[in-house]
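Examination of the molecular architecture
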Amino acid sequence: MGAHISIPMYQRAVPQRYRLIGQRCQSCGRINFPPKAVCKYCLQGTTFENVQLSGKGTIYSYTIIAGGGAPPEFAAEARCKGSYPVAIIQLEEGPRVIAQVVNPPEEGITIGMPVRAVFRKIYEEEGVTRYGFKFSPA
Ligand SMILES: [Zn+2]
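Per-chain numbering applies: the sequence of each chain, read as written, is numbered from 1 onward. It should be noted that, the model being predicted, local features are given only for residues of pLDDT at least 70 and side-chain atom pairs only at 80 or more, the latter also being counted only at that level, while totals for whole chains, interfaces and linings use all residues. To obtain the side-chain values, all non-hydrogen atoms of the structure were included, while hydrogens and water were left out.

1. Focus on the environment of Lys36
Filter applied, for reference: Where helices and strands are cited, they refer to DSSP runs of H or I of at least four residues and of E of at least two residues respectively, numbered from the N terminus. In this scheme, a residue with accessible area under 20% of its type's maximum is buried, one over 50% is exposed, and one in between is partly exposed, where area comes from a 1.4 Å probe on protein chains only. By definition, residues are in contact when any of their heavy atoms lie within 4.5 Å.
Relative to the helices and strands, Lys36 resides in the loop between β2 (31–32) and β3 (48–52). Accessibility expressed as a relative area gives 35% for Lys36, which makes it partly exposed. Counting along the chain gives 13 residues from Lys36 to Gln23, while the straight-line C-alpha distance between them is 8.2 Å. Leaving out residues up to four positions away in the same chain, Lys36 has contacts with Gln23 and Phe48.

See the structure below:
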């Protein structure tokens, strides 16, 4: 077993996972995603305003997950699909997120490539299907 995310932990994260809700720090104005108790940029801000993120971004960096290299929660996918790309996405509002890239172009992913968030099944644990965002070429 690898990373275990319990059902209550998963449910608490549903608003951010399902709707891409970030938080604007009232001290420095930058946007945290996923939400934090203390702003990760200024390390002081503790009051936030919810912000709907657009889901638009660009590829900041990426890697290809190949057989045997995947964390357990992605193992089923690796078995089905062979290798697949995972990227750091630079969101247009500022935060960077790590996510799988679906429908990668035949010629491969490139740094700076525009992408958009798509809602997908992520994995299943304790009999519950977990959903979240992946990114697709824009
Ligand atoms: Zn801040």
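2. Some remarks on the pairing of strand β5 (residues 84–91)
Counted only if it meets this: Should DSSP find at least two bridges between two strands, the strands are regarded as paired.
Among the eight residues that make up β5, six are buried, leaving the element largely enclosed by the rest of the structure. Sheet analysis places strand β4 (residues 56–65) next to β5, joined by eight bridges and oriented antiparallel. Bridging across to β5, Ile59 finds its partner in Ile89. Pairing between β5 and strand β6 (residues 96–100): five bridges, direction antiparallel. For Gln90, the partnering residue across the bridge sits in β6 and is Arg96. From the end of β5 to the start of β6, which pair antiparallel, there are four residues, and Gly94 there has a positive phi angle of about 125°.

3. Digging into the coordination of the zinc ion
Let me state the cut-off plainly: Nitrogen, oxygen and sulfur within 2.8 Å of a metal are treated as its donors, or within 3.2 Å for sodium, potassium and calcium (Na, K, Ca); water is not counted, so a site can appear incomplete. Four donors are marked tetrahedral only if all angles between them lie between 85 and 135 degrees, whereas four are marked square planar and six octahedral if opposite donors are more than 155 degrees apart and the other angles lie between 65 and 115; the remainder are marked irregular.
For the zinc ion, the full set of protein donor atoms is Cys25 (SG), Cys28 (SG), Cys39 (SG) and Cys42 (SG), and the range of their distances to it is 2.3 to 2.4 Å. What the four donor atoms of the zinc ion show is an angle range of 106 to 117° at the metal, which sorts the shape as tetrahedral. Site description for the zinc ion: donor spacing in sequence, C-x2-C-x10-C-x2-C. Of this pair, Cys25 sits in strand β1 (residues 21–25) while Cys42 sits in the loop between β2 and β3, and the two are 17 residues apart along the sequence.

4. Thoughts on the sheet that holds β1
Across the sheet, which stays open at both edges, the three strands sit in the order β2-β1-β3 with antiparallel pairing between neighbours. One side of each edge strand has no neighbouring strand; the edge strands of this open sheet are β2 and β3. Taken together, the two bridges between β1 and β2 define a ladder with antiparallel strand orientation. Residue Arg24 lies in a different strand from β2, and its bridge partner there is Ile31.

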